[in-house]
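Here is what each chain is made of, one letter per residue.
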Amino acid sequence: MTQQIVLVTGATGGIGRETALLLARLGYRVFATGRKAELLERLGREAADLALETLALDVNDADSIAAAGAEVERRTDGRGLDVLVNNAGFGLIAPLETIAEADLRGQLETNVVGLVRVTQQFVPAMRRRGSGRIVNVSSVVGRMVLPFQGVYCATKHAVEALSDALRMELGPFGVRVTLVEPGPIKTRFAETSTGSAARYRGPESPYAPAVALYERTVRAWDASSPGPAIVARKIAKVLRRKRPRARYVVPGRFGAAIWAVRLTPTRWVDAIFRRNVGLTPQVLAGPVEPPPTG
Ligand SMILES: NC(=O)c1ccc[n+]([C@@H]2O[C@H](COP(=O)([O-])OP(=O)(O)OC[C@H]3O[C@@H](n4cnc5c(N)ncnc54)[C@H](OP(=O)(O)O)[C@@H]3O)[C@@H](O)[C@H]2O)c1
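A quick note: this is a predicted structure, and the numbers were derived from the prediction, not measured.

Attention shifts here to helix α6 (residues 189–197). Counting along an α-helix, one turn takes 3.6 residues, and residues three or four places apart therefore face a common direction. Turning to α6, its buried residues number three or more, namely Ala190, Ser193, Thr194, Ser196 and Ala197. Looking down the long axis of α6, one finds its buried residues gathered within 155° of arc, a one-sided arrangement. Where α6 is buried, its residues touch α7 (208–223).

Around the ligand, 27 residues are found, and the nearest of them are Thr12, Arg35, Asn87, Tyr152 and Thr187. One of the side-chain nitrogen or oxygen atoms of Thr12 is found 2.7 Å away from an oxygen atom of the ligand. At a separation of 2.9 Å, a nitrogen atom of the ligand approaches a polar backbone atom of Val59. Protein coverage of the free-state accessible area of the ligand, which is 880 Å², stands at 96%. Of all the elements in the fold, those that place two or more residues in the shell around the ligand are α1 (14–25) and α5 (150–170). Of the residues assigned to the shell around the ligand, the class counts are 10 nonpolar, 12 polar and 5 charged.

Going from Val250 to Pro251, the amide bond is cis rather than trans, its omega being -5°. Along the chain, Pro251 turns up in the loop between β7 (247–250) and α9 (253–263). Not every positive phi belongs to a glycine, and Asp77 is a case in point at roughly 55°. Along the chain, Asp77 turns up in the loop between α3 (62–75) and β4 (83–86).

One way to put it is that α6 packs onto α7 with a least axis distance of 10 Å and a crossing angle of 170°. It follows that α6 is roughly antiparallel to α7 by the angle criterion. Of the residues in α7, those in contact with Ala190, Ser193, Thr194 and Ala197 of α6 are Val211, Glu215, Val218, Arg219 and Asp222. Looking at the contact of α6 with α7, its residues break down into 4 nonpolar, 2 polar and 3 charged.

Let's shift gears to the sheet that holds β7. Sheet architecture is open: 7 strands sit in the order β3-β2-β1-β4-β5-β6-β7, paired in parallel fashion. Across the chains shown, the open sheet's two edge strands, defined by having one partner strand only, are β3 (52–56) and β7. Strand-to-strand, the axes of this sheet are offset by a mean angle of 20°, without reference to chain direction. Alignment of β4 against strand β5 (residues 132–137), held across 4 bridges, turns out to be parallel. Among the inter-strand pairings, Val85 is bridged to a residue of β5, identified as Val135. Packed on one face of the sheet, α1 meets β1 (5–8), β2 (29–34), β3 and β6 (175–182) and runs near 165° to β2. Against the sheet, α5 touches β5, β6 and β7, its axis set at about 160° to β6.

The next thing to look at is the pattern of salt bridges. Any two side chains of opposite charge can pair, so long as their charged atoms come close to each other. Counted under the stated rule, the structure contains 18 salt bridges. Glu109 is the salt-bridge partner of Arg117, the closest N and O atoms lying 2.9 Å from each other. With a relative accessible area of 25%, Arg117 lands in the partly exposed category. On the basis of relative accessibility, which here comes to 28%, the residue Glu109 falls in the partly exposed class. Across the salt bridge formed by Glu181 and Arg143, the nearest N and O atoms sit 3.0 Å from each other. Taken as a pair, Glu181 in strand β6 and Arg143 in the loop between β5 and α5 lie far apart in primary sequence, 38 residues in all.

Look at α7: 23 Å from first C-alpha to last across 16 residues, which is about the 22 Å you get at 1.5 Å a residue. Turning to α7, its buried residues number three or more, namely Ala208, Pro209, Ala210, Val211, Ala212, Tyr214, Glu215, Val218 and Asp222. Packing partners of the buried residues in α7 comprise α6, α10 (266–277) and α11 (281–285).

Calculation rules
Residues numbered from 1 in each chain as written. Predicted model: local features only at pLDDT ≥ 70, side-chain atom pairs only at ≥ 80, totals over all residues. Heavy atoms only, no water. Buried < 20%, exposed > 50% of the residue type's maximum accessible area, 1.4 Å probe, protein only. Helix = DSSP H or I, 4+ residues; strand = E, 2+ residues; numbered from the N terminus. Arc of directions from axis to C-beta. Contact = heavy atoms within 4.5 Å. Near = heavy atom within 4 Å. Polar contact = N/O pair within 3.5 Å; in protein donor to acceptor, adjacent residues only side chain to side chain. Areas by Shrake-Rupley, 256 points an atom, 1.4 Å probe, with all protein chains shown as cover. Nonpolar A, V, L, I, M, F, W, Y, C, P; charged D, E, K, R; others polar. Axes fitted to C-alpha atoms, helices over the stretch in contact; angles between N-to-C directions. Parallel < 35°, antiparallel > 145°, perpendicular 65-115°, else oblique. Pairing = 2+ DSSP bridges. Salt bridge = Lys/Arg side-chain N within 4 Å of Asp/Glu carboxyl O. Expected span 1.5 Å × (residues − 1).

Structural data, given as structure tokens:
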């Protein structure tokens, strides 16, 4: 069997890096892509004895995607990819009333537009060949919504809708599309999203005490979360399946949370989430507890 060729976006850290390394160890030829040259170099050194090549690819930059596409074509003698893992993305904590337009657009651009652009670049070779796999890294919040992460949740709901449409459109051409939906995973993700929260809990913000509480909650989730290897293993497992399902929740126990939210009356779900994030008159009227340092 010819060696399967995979490209992973956002492979400079977290889930993407772990997935790229695991797949290379499992015998795939991997293009690990990202936008930070220094981190790509470090990854390349770590994987020196594996079939892992690094490539610059910023999903927000159409030229960078086209250049990566041309490089993959060249290095694979025109064959293209067998597998595309759309993983690059990030989260934000920001109340919708006050979210800055740059933050709003940045989330949509990276998590949604970027994913579509990268897919458009690499699908034609798969379609012409009549085979291929696309794994889109969504989130459990692609199927439920948390306050203060409304835009992030919207991007992941968009990823779910796009993946469902792609799966139907590409099915007749032999290209299978699968969603992997992680729950909280210990990566740089929490640091990035809590970093944005700091911009939304200033003294002028009516949401400040609740945003600060939510920030602490996200850090606590992060502290008790599994590392990215669990997601990498799930992606590897999905790729081994002849007929993968449309979506996989990881860790699996979060599947129960999705169903619990679905089956519970919305009014109750709202009340539980509001209480958890401090969207109550008492918390909102109280002091802004500073997040713990370190
Ligand atoms: N960790 C979680 O709890 C969790 C839960 C559910 C879903 N997810 C999803 O899992 C995916 C990976 O996140 P992670 O947890 O591994 O977080 P992470 O450690 O922050 O890694 C995110 C990766 O995406 C890259 N990235 C961001 N913007 C990019 C761009 N414009 N072009 C190329 N790469 C870009 C980052 O590169 P830079 O270093 O250049 O920013 C980094 O390599 C994301 O789609 C995230 O939404 C994560």
